[in-house]
Amino acid sequence: MTPEPILAANGKNSLCVNGGIIESVWVPGSFVDVVDARDAMRATAQLAEAGRMPMLSVMTDVEISAAARYEFAKSVDVLAIAVLGSSAVDRVVAAATSRDSQYPHEFFTSRNDAVAWLNGFVSGSGGLRQDEPDSAMAPRSR
């Protein structure tokens, strides 16, 4: 785990690395605009250190603008993302965010299930597992 979390988006987002997974936690009730998304992506790039890593994104009760969703979808530092939420609204927000992404994307209500899924993408090289098919790049939602 990184010693100190990196704060992004004017403190609305806290990021750290735990067990080879970037953990991104958004403050509940936040509104994320494109500037916030770009700042969070800069912090992600800093943590990934020029590689691609899986990410757990905790987005309970977070609203994301269309421009921010599009910006997140362009991320080149994310290998796969598990969005952790708690409501049907969170699921809809996660599904909308995944539309244009080029990496596997799943929604979970269980942190343990989300981390278990992401652990399938953790490798010593930081890349896709050797048995991961190219079709896994299609965004999904659970």
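Residues numbered from 1 in each chain as written. Predicted model: local features only at pLDDT ≥ 70, side-chain atom pairs only at ≥ 80, totals over all residues. Heavy atoms only, no water.

**Quick notes on the packing of aromatic side chains**
Part 1 of the argument: A complete count under the given rule lists three aromatic pairs for this structure.
Part 2 of the argument: Considering the side-chain rings of F108 and W117, the 5.8 Å spacing of their centres and the 45° angle between planes classify their relative orientation as tilted.
Part 3 of the argument: Overall, W117 belongs to the buried group, its relative accessible area being 12%.
Part 4 of the argument: Both rings, one in W117 and one in F121, keep their centres 5.0 Å apart while their planes meet at 70°; by these two values the pair is edge-to-face.
Part 5 of the argument: The structure contains a cluster of three or more aromatic residues connected by ring pairs, namely F108, W117 and F121. (Phe/Tyr/Trp six-rings, centres within 6.5 Å; stacked < 30°, edge-to-face > 60°. Buried < 20%, exposed > 50% of the residue type's maximum accessible area, 1.4 Å probe, protein only.)

**Observations concerning the sheet that holds strand β2 (residues 13–18)**
Part 1 of the argument: Read across the open sheet, the six strands follow the order β1-β2-β3-β5-β7-β8; overall the sheet is mixed. Two strands close off the open sheet at either side, each with one partner strand: β1 (6–8) and β8 (105–108). Direction aside, the axes of adjacent strands within the sheet are offset by 25° on average.
Part 2 of the argument: As defined by bridge partners, strand β3 (residues 21–26) adjoins strand β5 (residues 53–58) across four bridges and the pair is classed as parallel. Residue V25 lies in a different strand from β5, and its bridge partner there is V58.
Part 3 of the argument: The strands touched by helix α1 (residues 34–48) are β1, β2, β3, β5 and β7 (78–84); relative to β2, the strand with the most contacts, the crossing angle is about 20°. (Pairing = 2+ DSSP bridges. Helix = DSSP H or I, 4+ residues; strand = E, 2+ residues; numbered from the N terminus. Axes fitted to C-alpha atoms, helices over the stretch in contact; angles between N-to-C directions. Contact = heavy atoms within 4.5 Å.)

Geometry only, nothing functional implied.
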